[in-house]
Amino acid sequence: MKNGFTLVEVIIAMTITVVVGSLLLSLLVNNTGLFYQQSSRLNQGLGLNDSMAKIRSGLKEANAVVSGYPIASPTYTSSATALVLRLPAIDSSGNKIFNVFDYEVITVSQNRLYFKLYPDSVNGSTRKTADQVLTNNVDSALFEYFDSAGQAVAPAGAVKVKVTLTLKQKAGKGYETNIATSEANLRND
């Protein structure tokens, strides 16, 4: 009798190794897909929360929704897909400057939600100019404008704004869609 393995024993051992290896690889691939899907959900959720908080904060600071900015020949106009807010300018002591205004623009371009701030630094505003991306993968942004009675109005007549933001991102084989809605009254003082 010789020491060693027979051909049948080697084939059985290799078959078991291939089956176990295939199962482990399948498990690894599925868990990696699950990780990316959960990571996508988390990133979208954070993007939605941060974006809505920034928009809500701007609405609460603003004393008016304006039809466009710049006032003379608007590049940005308030509509169902863009929001232009007028905020009281702030001096270096944190006090409002009478009859001087800064402008905040929320708009979507190339599936990105942008926040832009245009301060009136010539007349003493200490706010800093901003041009930042709040979130990516924006499928749609909808701004609805209401008066004090809750009736829909043109943007310039609004005292309340409802924002609906939809993000859509590829996650695995399908798409992950997240929607957030928020309402806020303007400062109006």
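Here we summarise the structure given alongside this text.

## Considering the sheet that holds strand β9 (residues 160-171)
The strands making up a sheet associate through backbone hydrogen bonding, with each pair oriented either parallel or antiparallel.
Point 1. Ordered by their spatial adjacency, three strands build an open sheet running β8-β9-β10, and the pairing between neighbours is antiparallel. Every other strand in the sheet has two partners, leaving β8 (138-146) and β10 (174-185) as the edge strands with one partner each. This sheet shows a mean twist of 10 degrees between the axes of neighbouring strands, independent of strand direction.
Point 2. Two strands pair when backbone bridges link them, and β9 and β10 are joined in this way by 12 bridges, in the antiparallel orientation. Bridge pairing links leucine 167 to asparagine 178 in β10.

## Focus: the packing of aromatic side chains
Point 1. Per the stated rule, a full pass over the model turns up three aromatic pairs.
Point 2. Within the aromatic cluster, the residues linked to one another by ring pairs are Tyr69, Tyr76, Tyr103 and Tyr118.
Point 3. Sitting over the ring of phenylalanine 115, lysine 54 keeps its end group 4.4 Å from the ring centre.
Point 4. In this structure, arginine 86 packs its charged tip against the face of phenylalanine 101, placed 4.3 Å from the ring centre.

## Quick word on the nonpolar core
Point 1. Counting 27 residues, the largest nonpolar core has Leu59 and Leu83 as its most contacted members.
Point 2. Only α1 (7-61), β4 (82-90), β6 (112-118), β7 (130-135), β8, β9 and β10 provide two or more residues apiece to this core.
Point 3. When near neighbours in sequence (up to four residues on either side) are disregarded, leucine 83 contacts Ile55, Leu59, Val65, Ser78, Glu104, Val105, Ile106, Phe143, Tyr145 and Val161.
Point 4. Counting residues in hydrophobic clusters, the runner-up holds seven residues, among them Val66, Tyr76, Val84 and Val105.

Conventions used here
Residues numbered from 1 in each chain as written. Predicted model: local features only at pLDDT ≥ 70, side-chain atom pairs only at ≥ 80, totals over all residues. Heavy atoms only, no water. Pairing = 2+ DSSP bridges. Helix = DSSP H or I, 4+ residues; strand = E, 2+ residues; numbered from the N terminus. Axes fitted to C-alpha atoms, helices over the stretch in contact; angles between N-to-C directions. Phe/Tyr/Trp six-rings, centres within 6.5 Å; stacked < 30°, edge-to-face > 60°. Lys NZ or Arg CZ within 6 Å of the ring centre and 35° of its normal. Core = buried A, V, L, I, M, F, W, Y, C linked by side-chain atoms within 4.5 Å. Buried < 20%, exposed > 50% of the residue type's maximum accessible area, 1.4 Å probe, protein only. Contact = heavy atoms within 4.5 Å.

Geometric descriptors of this kind do not, in isolation, establish any biological role.
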